[in-house]
Amino acid sequence: VEEAAPRLQALQKLLTDSVRFLAAYEVRQGQESVARLQADLAARRQQLQPKKKFAFRALKKEAAPGSASRPAEPAAPAPAAPGPGLAEGEQGGEALCGFSGAQDAELELGPAELRQRDVLLSGLRGCRVRLHGNPNALRVRDCRGCTVLCGPVSTSVLVDGCGDCLLALACQQLRTHRTRGCRFYVQVTSRAVIEGCSEVSFAPYAWSYPGIEGDFESSGLDRDSNNWNLVDDFDWLATDKPSPNWSVIPEQERITCWD
C-alpha cells in the first residue's frame, strides 16, 4: 500500500501532463480509471488498519466484611457510535470522517482527524465547514447553501448534487456532477470536470490558515501547478464556443477575507 500511493500519484501526474493532447473522452476515461484506483487504495488502507485490542473488564470483587469498597476498574470504552451530524460513510462500508444532515451549523475538523482520511460531507443545509488539514479524498453530496473550506486533498474531490455553495478546494482532480449555482476557488493539477452542471464559476484557491504549507507538502500537490480556469464540460462538445455552464469569477468579485 505504501508503494502504491506514490505510484498512483505519479499516474495522476502523467494524466495531468497529458491532457493537452488527449481528447475530452480520453481524459474522462483516464480520470475515471484513476478515481477507481484511488477508491480501491482507500478501501485497502481501511482493511489494513489495525483493529483495536480487546480489553477485559476487571471483575468486581466482593468486599471483605468491614473493609471499604473499592471501585471497579473502568471498562475499556466501546467505539463511539456516530453522533448527530457525523458522517456514517457509504452504505455497507466503513465509517468516513465528516458530517451529515446538519443545518445552520459551524463544523470543523483539524489536522489529526483529517490526515490521509477520506472525508464525506452530505445532506448539509446552510452550514459553514472548515477542514484544516490534509485529507486523502473529499466527497461533497447533496449540500445546499453551504461554505466548504478545505485544506489540500492528496487525490480527488467529488462534488455531486449541490446547489448555491461556496467551496475552496486544492486537489489533484476535481469532478462536479449535477450541481448548480456554486462558486469554486480551486487549485487543481489536472483539468476540472463538470457534468450536468449549470451556473458554476471558478477562481484561484485563496483560503489559508496556519500550517497550510505543511499540509501542501504532505499532500504531494505542486503549488506552482494550478489549472483553475481549465474546465472540461462533458455536456458541451463544441470547440469553437465556450460552455455556457461555467464562468470565471471576475477579480473584483472574488473573496479576499474568509473569516
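Residues numbered from 1 in each chain as written. Predicted model: local features only at pLDDT ≥ 70, side-chain atom pairs only at ≥ 80, totals over all residues. Heavy atoms only, no water.

Draft legend 1. Structural detail: the overall build of the chain. Summing up its helical and strand segments, the chain has four helices and 14 strands in all. Here the chain has roughly 15,000 Å² of accessible surface; of this, 51% comes from carbon and sulfur atoms. (Helix = DSSP H or I, 4+ residues; strand = E, 2+ residues; numbered from the N terminus. Areas by Shrake-Rupley, 256 points an atom, 1.4 Å probe, with all protein chains shown as cover.)

Draft legend 2. A look at the side chain of Asp-215. Within the secondary structure, Asp-215 sits in helix H4 (residues 212-219). Among buried Asp, Glu, Lys and Arg side chains, Asp-215 stands out as unpaired, with Arg-115 the closest opposite charge at 4.2 Å. Contacts of Asp-215, omitting those with residues within four sequence positions, involve Arg-115, His-132, Gly-133, Asn-134, Pro-152 and Tyr-209. (Buried < 20%, exposed > 50% of the residue type's maximum accessible area, 1.4 Å probe, protein only. Lys, Arg positive; Asp, Glu negative; His and termini not counted. Salt bridge = Lys/Arg side-chain N within 4 Å of Asp/Glu carboxyl O. Contact = heavy atoms within 4.5 Å.)

Draft legend 3. Representation of the pattern of salt bridges in the model. Counted by the stated rule, this structure contains seven salt bridges. Between Glu-106 and Arg-130 there is a salt bridge, and its shortest N-O distance comes to 3.0 Å. Linking Glu-106 in strand S2 (residues 106-109) with Arg-130 in strand S4 (residues 128-131), this pair joins segments that are 24 residues apart in sequence. Overall, the relative accessible area of 57% leaves Glu-106 in the exposed class.

Draft legend 4. Highlighting the sheet that holds strand S14 (residues 246-248). Taken in spatial order, the seven strands of this open sheet run S2-S4-S6-S8-S10-S12-S14, and their pairing is parallel. The open sheet is flanked by S2 and S14, the only strands paired with a single partner. Each strand axis lies, on average, 20 degrees off the axis of its neighbour in the sheet, ignoring direction. H4 contacts strand S6 (147-152), strand S8 (166-171) and strand S10 (183-188) of the sheet and is inclined by roughly 65 degrees relative to S6. (Pairing = 2+ DSSP bridges. Axes fitted to C-alpha atoms, helices over the stretch in contact; angles between N-to-C directions.)

Draft legend 5. Highlighting the nonpolar core. With 39 residues, the main nonpolar core has Leu-121, Leu-124, Leu-138, Leu-169, Leu-174, Phe-184 and Phe-202 as its most contacted residues. Setting aside residues up to four positions removed in sequence, Leu-121 forms contacts with Gly-98, Phe-99, Val-129, Leu-131, Leu-138, Arg-139, Val-140, Arg-141, Cys-143 and Val-148. Counting 14 residues, the second largest nonpolar core, distinct from the first, contains Leu-149, Leu-166, Phe-216 and Trp-258. (Core = buried A, V, L, I, M, F, W, Y, C linked by side-chain atoms within 4.5 Å.)

Draft legend 6. Focus on the state of the cysteines. Scanning all chains against the criterion turns up zero disulfides. Sulfur of Cys-97: no disulfide; nearest cysteine sulfur belongs to Cys-150 and is 9.9 Å away. Given the relative accessible area of 7%, Cys-97 is considered buried. Counting only cysteine sulfurs, Cys-165 is the nearest neighbor of Cys-182, a cysteine outside any disulfide, at a range of 4.5 Å. The exposure class assigned to Cys-182 is buried, which follows from its relative accessible area of 0%. (Disulfide = S-S within 2.5 Å.)

Draft legend 7. The arrangement of the environment of Tyr-209 in detail. Structurally, Tyr-209 is set in the loop between strand S12 (200-204) and H4. Sequence separation of Tyr-209 and Gly-151 is 58 residues, and the distance between their C-alpha atoms is 8.6 Å. Once residues lying within four places of it in the same chain are set aside, the contact partners of Tyr-209 are His-132, Gly-133, Gly-151, Pro-152 and Asp-215.

Draft legend 8. Representation of the pairing of strand S3 (residues 118-122) in the model. Most of S3 is tucked away: five of the five residues are buried. Residues Asp-118, Leu-120 and Ser-122 line one face of S3 and the alternating positions Val-119 and Leu-121 line the opposite face, and both faces are buried. Relative to S3, strand S1 (residues 97-100) runs parallel, the two being bridged by four bridges. Bridge pairing in S3 links Cys-97 to Val-119.

Draft legend 9. Seen up close, the side chain of Asp-160. Mapped onto the elements, Asp-160 comes out in strand S7 (residues 156-160). Among the polar contacts listed, one links the side chain of Asp-160 to the side chain of Arg-178, at a separation of 2.9 Å. Apart from the residues within four sequence positions on either side, Asp-160 is in contact with Val-140, Arg-141, Asp-142, His-177, Arg-178 and Thr-179. (Polar contact = N/O pair within 3.5 Å; in protein donor to acceptor, adjacent residues only side chain to side chain.)

Draft legend 10. Region of interest: the packing of aromatic side chains. Within this structure, the stated rule accounts for five aromatic pairs. Here the aromatic rings of Tyr-185 and Trp-258 are separated by 5.0 Å at their centres, their planes lie at 85 degrees, and the arrangement is edge-to-face. Pair noted here: Tyr-185 is in strand S10 and Trp-258 is in the segment after S14, with a separation of 73 residues, a long-range link. The exposure class assigned to Tyr-185 is buried, which follows from its relative accessible area of 1%. For the ring pair Phe-202 and Trp-246, a centre distance of 5.8 Å and an interplane angle of 85 degrees mean the geometry is edge-to-face. Linking Phe-202 in strand S12 with Trp-246 in strand S14, this pair joins segments that are 44 residues apart in sequence. Phe-202 gets classed as buried once you look at its relative accessible area, which sits at 0%. Judged by relative accessible area, Trp-246 falls into the buried class, the value being 18%. Joined through ring pairs, the aromatic side chains of Phe-184, Phe-202 and Trp-246 make up one cluster. In this arrangement the basic side chain of Arg-223 is found over the ring face of Phe-216, its NZ or CZ atom lying 3.8 Å from the centre. (Phe/Tyr/Trp six-rings, centres within 6.5 Å; stacked < 30°, edge-to-face > 60°. Lys NZ or Arg CZ within 6 Å of the ring centre and 35° of its normal.)

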